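# A look at the structure
Take a look at the letters that make up each chain.
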Amino acid sequence: MNMHSRFIDNLLYVLNYEPEIMENEDGLEIPESAPQNIRFSNVSFSYPNKTNLVLKNISLDIKPGSKVAFVGYNGAGKTTLVKLLLRLYDPTEGTIYLGENSYPQYRLKDIREHFSVVFQDYKCYAVSVAENVSMDDSDTDKECLAEALKESGISEKIEMLENKENTMLSREFDDNGVILSGGEQQKVAIARAFYDSHEVLIFDEPSSALDPLAEYELSERIRELSNNKTVIMISHRLSTITLFDEIYMINDGMIIEKGSHNELMGRKGKYYEMFVKQASNYAIPEELRA
Ligand SMILES: Nc1ncnc2c1ncn2[C@@H]1O[C@H](COP(=O)(O)OP(=O)(O)OP(=O)(O)O)[C@@H](O)[C@H]1O
Ligand SMILES: [Mg+2]
C-alpha cells in the first residue's frame, strides 16, 4: 500500500484529466462526397505553458488527392504540424480550414476521423496481429486484413507463423506469442492505415526502422495505392519522396522552401544541399528501381 500510494497522484491526474479541446456537438459534418482542401492560414503555435513558437506563420494549401511531403531536420516542427492537423491542439495564432470552414466549426470526432495516421512513435500492443491492425477486438474483416498486411509488406512473415494473424505479438500473456523485429513492428503499424484508410493518410517517418529496399517499396506503394486519397508523408530520407507532388522543407518552424523535387533541386537551396548530402551515402541501385 505504501509503495502504491506514491503513484496515486498520477492516477488521479489521468482520471481527472479534462480535454482542452471539447467536442462541438452542433458542429458541421464533413461532406464525404466533396473532398476538401486543407488550408493553414498564418498558423503559429507554441505548446501550452511554453513561450517559444514551434511553428511560425505557416501557410499552406493541401489539395484533395495530392501527395505532399514534409522534410526537415530534427525538431523542425513536422510532427507538431501533424498534431495540429488532427486538432490535438489548436493554433496559437492563425486558422486551419477544411474547405470553406475553420476547424472549430466542425465536429471534433469528424476531424479526427478524416485522417488515418501512422505516428512516429507507433506501438504494437500485446494482442494478436489481427487486433493490432484493426485496433478492434470485435470482428476483423479478413479480406481487408490480408490486403493491408500485403500492402505494408509483412504478409509473408505473418503467413509463416504457426497461428498466422491470430499470433499474439507479445510473450507477456501467451507463451506462443512472438516478438517481431523493429522493422516488422513498424510494418504492422503501417498496415493499420491501409486497413482503415480515411480521406487523408498521414505517415510520420513510416520507414525509420525499415531497410532501404523495404523503405523504397513502401513509399512506392503508398503513392500507388492511395491514388485518390490525400497523402501526407514526413520523411528524413529524401530519396523516398522525390515523386511526390509537393515537398515542403521546414526549418525552425518555418516553411523555407516548397515545390516539386525537380523545382527544389533547381533552386540549389537547403533541400538540394540535404539531398546531395544523403545521395552520396544512401543510393538505391538502378536495378532495384523496377
Ligand atoms: N509536447 C511538447 N511540449 C513542449 N515542446 C514540445 C512538445 N513536443 C515537441 N516539442 C518541441 O517542439 C519542437 C518541434 O518538435 P517536433 O516533434 O514537431 O519536431 P520534428 O520536426 O517532428 O522532429 P523529428 O524530425 O525529430 O521528428 C521541438 O523543439 C520540441 O522540443
Ligand atoms: Mg517528428
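Please read these numbers as outputs of a predicted model, since none were measured by experiment. (Residues numbered from 1 in each chain as written. Chains lettered and ligands numbered in written order. Predicted model: local features only at pLDDT ≥ 70, side-chain atom pairs only at ≥ 80, totals over all residues. Heavy atoms only, no water.)

### Notes on the coordination of the magnesium ion (ligand 2)
What counts is decided by this rule: Note that water is not among the atoms considered, so a metal site may appear incomplete; the donors listed are N, O and S atoms within 2.8 Å of the metal, with 3.2 Å applied to Na, K and Ca. Each helix corresponds to a stretch of at least 4 residues labelled H or I by DSSP, and each strand to a stretch of at least 2 residues labelled E; elements are numbered beginning at the N terminus. Only protein chains enter the accessibility calculation, which uses a 1.4 Å probe; a residue whose area is less than 20% of its type maximum is buried, one above 50% is exposed, and one in between is partly exposed.
In this structure, Thr79 (OG1) and Gln120 (OE1) serve as the protein donors to the magnesium ion (ligand 2), at separations of 2.0 to 2.3 Å. Note that threonine 79 is positioned in helix α3 (residues 78–85) and glutamine 120 in the loop between β6 (115–118) and α5 (129–134), a separation of 41 residues in sequence. Since its relative accessible area comes to 24%, threonine 79 is described here as partly exposed. A relative accessible area of 37% places glutamine 120 in the partly exposed class.

### Examining the site of ligand 1
This is how the line gets drawn: By convention in these notes, a residue is near a molecule or strand provided one of its non-hydrogen atoms lies within 4 Å of it. Under this definition, polar contacts are N or O atom pairs within 3.5 Å; protein pairs additionally need one hydrogen-donor-capable and one acceptor-capable atom, and for neighbouring residues in sequence, both atoms have to be side-chain atoms. In these tables, accessible area is a Shrake-Rupley quantity obtained with a 1.4 Å probe, and a residue counts as shielded only by the protein chains included in the view. Three classes are used, and their members are as follows: Ala, Val, Leu, Ile, Met, Phe, Trp, Tyr, Cys and Pro are nonpolar, Asp, Glu, Lys and Arg are charged, and the others, Gly among them, are polar.
The full set close to ligand 1 counts 14 residues, and Gly75, Lys78, Thr79, Thr80 and Gln120 are the nearest of them. Taking asparagine 74, its side chain carries an N or O atom lying 2.9 Å from an oxygen atom of ligand 1. Between glycine 77 and ligand 1, the recorded distance is 2.9 Å, taken from a backbone N or O atom to an oxygen atom. With the chains in place, 65% of the 640 Å² that ligand 1 exposes on its own is no longer accessible. Tallied by class, the residues present in the shell around ligand 1 amount to four nonpolar, seven polar and three charged.

### Brief notes about the sheet that holds strand β1 (residues 38–45)
As a reminder of what qualifies: Strand pairing follows a simple DSSP-based rule, namely that at least 2 bridges must link the two strands. What makes two residues a contact is simply this: any of their non-hydrogen atoms within 4.5 Å. Between N-to-C directions, angles span 0 to 180 degrees; the directions come from axes that are lines fitted to C-alpha atoms, helices contributing only their stretch in contact.
The sheet built from four strands is open, its strands ordered β2-β1-β4-β5 with antiparallel pairing. Each of the sheet's edge strands pairs with one partner strand only, and the pair in question is β2 (55–62) and β5 (101–102). Direction of pairing for β1 relative to strand β4 (residues 93–98): antiparallel, over a ladder of five bridges. Bridge pairing in β4 places isoleucine 38 opposite leucine 98. Set on the sheet, α3 makes contact with β1, β2 and β4; between it and β1 the angle comes to about 120°.

### A closer look at unusual backbone geometry
Only a minority of non-glycine residues have a phi that is not negative, and only a minority of peptide bonds are not trans. Even without being glycine, asparagine 49 reaches a positive phi, approximately 65°. Structurally, asparagine 49 is set in the loop between β1 and β2. Judged by its relative accessible area of 83%, asparagine 49 is exposed. At arginine 87, a residue that is not glycine, the phi angle is positive and equals roughly 55°. Mapped onto the elements of the fold, arginine 87 is located in the loop between α3 and β4.

Honestly, that's just the spatial picture; any functional story needs more than this.
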